[in-house]
Amino acid sequence: PRAPVYAFVGNPNCGKSTLFNAMTGLKQKVGNYPGVTVERKIGTAYSQHGQPMTVIDLPGAYSLAARSPDEAVTRDVLLGRRADTQMPDRVVCIVDASNLERNLYLVHQILDLGRPVILVINMMDVAAASGLKIRIGRLEKQLGIPVIATQASRGQGVIELKLAMSRPDLPLPKHRWDIPAAISSAVAELQASLQDSDGKPPLIARAEALLLLTDQDPVRVSGSQPLSQRTAQILATWKKRWEDEGTDWSAMLVGARYEIIGELAADATEQSATTVT
Ligand code: GDP
Ligand code: K
């Protein structure tokens, strides 16, 4: 059997590459994704029992609604749209503790994929220095997944992450959110089409349907599969209807995500007046 495939994802500068290097050491292959100047980094990490784990260090991204070729590659690998890259079995989301709420936007989109997720809260030292306390236990409870605190630049938390990654029984995240009523029929129709015409598994089809609605002007990169004509037609029909009605479908979806993330971040952080210097 092949080694399980893990994707490392996170906003630019969250410390993802530092963590990837600490996990995979010299066992790395670096090149480009075919047809685009986006760096492709794949490495091998080993569990405590010496079992290999394939790790893909995906390009830094703020959102899966891609605005750049880097983000488009990250989106397409996670959705299994690239023939040249194995779809990851598990996702390790890395966030910057000192910028938690903003970084959770990408995490929230990734939870849509219905894959096992491990959340890494990096830059814990930076957060602590500004008097920000992150309650790891609250995040674990709210999301139902392992949450690991790290300071990647010092190698802190790397063993804990490796242990979490080697767990055979990683739970699926608790992730139920209400898609705004004005767009839920469109999501359902797009999902059905992506399942029937494009052969996507249900949760991936749903995640992709949600992304099709926030990708205002989808960035397509070479190597990714195009939409079927039927799906593209459903999308165009809904967009036309909403434009006529004046419904801002994209803002609705983004707003709904931020509402949940705001609550999550507020629950999981505590700002103290005294700062450590
Ligand atoms: P990437 O863009 O997510 O791959 O980020 P990098 O791994 O390149 O890290 C960005 C910068 O943050 C580098 O200078 C790292 O040394 C630094 N860095 C990474 N992790 C930590 C951390 O936990 N604490 C601190 N203070 N710096 C870190
Ligand atoms: K960097």
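What this report covers is the structure whose coordinates are included nearby. Treat the numbers as computed from the prediction; the structure is a model and nothing was measured.

Here is what the cut-offs are and how they apply
Residues numbered from 1 in each chain as written. Chains lettered and ligands numbered in written order. Predicted model: local features only at pLDDT ≥ 70, side-chain atom pairs only at ≥ 80, totals over all residues. Heavy atoms only, no water. Core = buried A, V, L, I, M, F, W, Y, C linked by side-chain atoms within 4.5 Å. Buried < 20%, exposed > 50% of the residue type's maximum accessible area, 1.4 Å probe, protein only. Helix = DSSP H or I, 4+ residues; strand = E, 2+ residues; numbered from the N terminus. Contact = heavy atoms within 4.5 Å. Pairing = 2+ DSSP bridges.

What follows concerns the nonpolar core. Grouped together as the largest cluster of nonpolar side chains are 48 residues, with contacts concentrated most on Leu78, Ile110, Leu119 and Ile121. Sorting elements by how many residues they give to this core places helix 3 (residues 100-111) first, with 7 residues. Here Ile121 is in contact with Val95, Ala97, Leu100, Ile134, Ile136, Leu139, Val147, Ile148, Ala149 and Thr150, once residues within four sequence places are set aside. Grouped together as the second largest cluster of nonpolar side chains are 20 residues, Phe8, Val92, Ile94 and Ala152 included.

Two elements, strand 1 (residues 5-10) and strand 4 (residues 52-57), share 4 bridges in a ladder whose sense is parallel. When the bridges of strand 4 are listed, Ala7 appears paired with Ile56. Pairing between strand 3 (residues 39-46) and strand 4: 6 bridges, direction antiparallel. Note that in strand 4 the partner of Gly43 across the bridge is Val55. Counting the residues in the hairpin turn of strand 3 and strand 4 gives 5 residues, including Gly50, whose phi is positive at 80°.

This paragraph deals with unusual backbone geometry. Positioned with a positive phi, Asn13 is a non-glycine residue whose angle comes to about 70°. Its location among the elements puts Asn13 in the loop between strand 1 and helix 1 (16-24). Of note, Met123 is a non-glycine position whose phi angle comes to about 60°, a positive value.

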